[in-house]
Amino acid sequence: MLKLSQLATALAVVVATGTAMAGEVEVLHWWTSGGEAKSVAELKKIMEGKGHTWKDFAVAGGGGDAAMTVLKSRVVAGNPPAAAQIKGPAIQEWAREGVLANLDATAKAEKWDSLLPKGVADVMKYKGNYVAAPVNVHRVNWMWANAEVLKKAGVAGAPKTWDEFFAAADKVKAAGLIAVAHGGQNWQDFTTFEDVVLGVGGARFYEDAMVKLDQKALTSATMTKVLETFRKIKTYTDPASPGRDWNLATAMVIDGRAAFQFMGDWAKGEFTAAKKMPGKDYLCAAAPGTGNAYTFNVDSFAMFKLKDAGAQKAQADLAAAIMGPQFQEVFNLNKGSIPVRLNMDMAKFDDCAKMSSKDFVATSKNGGLVPSVAHGMAVSPAAEGAIKDAVSQFWNDDKISVADGVKNIAKAAATK
Ligand code: GAL
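> Sorry, what's going on with the state of the cysteines here?
Here a disulfide denotes one covalent bond, and it connects the sulfur atoms of two cysteines. One pass over the full model with this rule turns up one disulfide. Across the disulfide from C284 sits C352; the S-S distance is 2.2 Å. Residues C284 and C352 share a disulfide whose torsion about the S-S bond is about -100°; that sign makes it left-handed. One end of the pair, C284, is in strand β11 (residues 282–286); the other, C352, is in helix α17 (residues 351–366), and 68 residues separate them in sequence. Accessibility classification places C284 together with C352 in one group, the buried group.

In structure tokens, the structure reads:
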């Protein structure tokens, strides 16, 4: 039996470490690349510091399709994780199922309403209640370039238009190197595709075609130009690209096997992890024609309803940690994104992040800020899946004419 003095000591320890209600948090995410793993390790550290046990539930696969499939089966089996990386319109779909926990108590205590851009806060809420906590803002419409390769090929700086881009890519090819490092998976094909829609058509056209899924825009002459440009990009990729993971494509740019990659700024997390310096070893620039626009991708975590009091306390601590200034800084320094929490000090961030931050604010005022379809920010998961498939079929099969490609994508966009 425990003696009274032992009991007193045990209680004192519990009070001192604040672990009276420690719990386990099982967190589902798809952050498995070098830069991503470093970023998520910071969250684990904070949670362990609060006395909780972190149970890592990582499901590899960039873009998260595999993670979402696994999540569905766990929830259907009545065994959801404590938290899962869920974002954009999918948050509403999960909330409608009645499985998400209400985070209002934490949000109120931590003043989330005043710390988040309203547009982001709205996405995190279901019927006015917070059900998800945002971690960052990723910009998707980036082009990454190896500075040394450009120099070798005689390309002066990052191309700003698609014409300049193809001229530069020809020079890289002539120098015997791969112009575009591409990972042939449908979400990566679409990441490039939406850059082309934005670069060729502009932000208004992007909104009409990709967000409103307006049939007139989707079958317009602009869309024909988009598909022609998109198909031309493929001719600058290497034959080993089908199926390649995004971070392996980034590695090709990092080691100088390739000149360019079109990818969101989680790619910068890989450059950072490889100790490469922006402006010196590599360049970050908006994808051609998209300098005045910004495709955003906000990562967030939703919590599932759990009965155990310790688990609930761990969830509340996780939500608070995610929005806390310490995590917002260190996570985003590693991840390549910028803090979603407003008024954060950007002193420690590099020039790419500073540019992202400046452009985020500027485009939110001039109409250039648009949601990324490739990263689940714009349309329902069903419509997104259908358009992604149509785009990838076109990318992979040169026998599909541009006219048929346009028709197939427009038809897929009508999926409810
Ligand atoms: C995105 C996600 C990013 C990054 C990327 C590659 O959908 O928002 O945080 O992880 O996938 O996995």
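> I'm lost on the domain arrangement of the protein chain in this one. Help?
As far as domains go, the protein chain holds domain 1 (17–138 + 296–366) and domain 2 (139–294 + 374–413). Averaged C-alpha coordinates put domain 1 and domain 2 at centres separated by 27 Å. Of the residues lining the interface, 33 residues belong to domain 1; the matching set on domain 2 comes to 31 residues. Taken together, the two surfaces of domain 1 and domain 2 that pack against each other cover about 2,500 Å², and 57% of this comes from carbon and sulfur. Sorting the residues of domain 1 by area buried against domain 2 places P89, F296 and C352 first, and these three jointly supply 21% of that buried surface. For the pair domain 1 and domain 2, the number of links is two salt bridges. The partner of D350 in a salt bridge is K268, and the shortest N-O contact between them spans 3.1 Å. If you look at where domain 1 meets domain 2, you find eight residue pairs in polar contact (both at pLDDT 80 or more). Of all elements in the fold, only α2 (34–49), α4 (89–96), β7 (136–139), β12 (294–297), α16 (325–335) and α17 reach the threshold of two or more residues within the side of domain 1 that touches domain 2. If one sorts the elements of the side of domain 1 that touches domain 2 by residue count, α17 sits on top with eight residues. A breakdown of the residues in the side of domain 1 that touches domain 2 according to their chemical character gives 11 nonpolar, 14 polar and eight charged.

> Which parts of the structure should I look at to understand the site of the ligand?
Surrounding the ligand, one finds 13 residues, the nearest of these being E36, K87, N297, D299 and K335. Interatomic distance of 3.3 Å between a backbone N/O atom of G63 and an oxygen atom of the ligand. At a separation of 2.6 Å, an oxygen atom of the ligand approaches a polar side-chain atom of D299. Burial of the ligand by the protein chains amounts to 100% of its free accessible area of 300 Å². Here the residues of the shell around the ligand sort into four nonpolar, five polar and four charged. For the shell around the ligand, the two domains that each supply at least three residues are domain 1 (17–138 + 296–366) and domain 2 (139–294 + 374–413).

> Just checking my understanding: could you explain the packing of α2 against α16 for this structure?
With their axes 8 Å apart at the nearest point, α2 and α16 run at an angle of 165° to one another. Viewed along their axes, α2 and α16 adopt a mutual orientation that is roughly antiparallel. In this structure, α2 crosses over α16, and the sense of that crossing is right-handed. Where α2 abuts α16, its residues G35, E36, K38, S39, V40, E42, L43 and I46 lie against Q326, F327, V330, F331, N334 and K335. For the contact of α2 with α16, the per-class residue count stands at six nonpolar, four polar and four charged.

> Whenever I open this one, the nonpolar core confuses me. Can you help?
The nonpolar side chains of soluble globular proteins are, as a tendency, buried together. The biggest cluster of nonpolar side chains holds 62 residues, and the ones touching the most others in it are L71, I86, W112, M303, L318 and I322. Top element by residues in this core is helix α15 (residues 309–323). It accounts for six residues. Residues within four places of M303 in sequence aside, it is in contact with A82, A83, V99, L100, A101, L103, V131, Q315, L318, A319 and I322. Counting 58 residues, the second-largest nonpolar core is a separate cluster that includes V149, A179, A209 and F230.

> So what exactly am I meant to see when it comes to the sheet that holds strand β6 (residues 132–134) here?
Strands belonging to one sheet form pairs held by backbone hydrogen bonds; the direction of such a pair is parallel or antiparallel. Spatially, the five strands line up as an open sheet ordered β2-β1-β3-β13-β6, and their pairing is mixed. Two strands close off the open sheet at either side, each with one partner strand: β2 (53–58) and β6. Within the sheet, the average angular offset between the axes of one strand and its neighbour, ignoring direction, is 20°. In this sheet, β2 lies alongside strand β1 (residues 24–29) in parallel orientation, the contact comprising six bridges. Bridge pairing links E26 to K55 in β2. This element, helix α3 (residues 65–76), spans β1, β2 and β3 (83–85) of the sheet and lies at about 135° to β1. Contacts from α15 reach β1, β2, β3, β6 and β13 (300–303) within the one sheet, and its direction differs from that of β1 by about 50°.

Calculation criteria
Residues numbered from 1 in each chain as written. Predicted model: local features only at pLDDT ≥ 70, side-chain atom pairs only at ≥ 80, totals over all residues. Heavy atoms only, no water. Disulfide = S-S within 2.5 Å. Helix = DSSP H or I, 4+ residues; strand = E, 2+ residues; numbered from the N terminus. Buried < 20%, exposed > 50% of the residue type's maximum accessible area, 1.4 Å probe, protein only. Domains from an automatic or database assignment. Contact = heavy atoms within 4.5 Å. Buried area = accessible area lost by both parts, 1.4 Å probe. Salt bridge = Lys/Arg side-chain N within 4 Å of Asp/Glu carboxyl O. Polar contact = N/O pair within 3.5 Å; in protein donor to acceptor, adjacent residues only side chain to side chain. Nonpolar A, V, L, I, M, F, W, Y, C, P; charged D, E, K, R; others polar. Near = heavy atom within 4 Å. Areas by Shrake-Rupley, 256 points an atom, 1.4 Å probe, with all protein chains shown as cover. Axes fitted to C-alpha atoms, helices over the stretch in contact; angles between N-to-C directions. Parallel < 35°, antiparallel > 145°, perpendicular 65-115°, else oblique. Left-handed = near helix turned anticlockwise from the far one by under 90°. Core = buried A, V, L, I, M, F, W, Y, C linked by side-chain atoms within 4.5 Å. Pairing = 2+ DSSP bridges.

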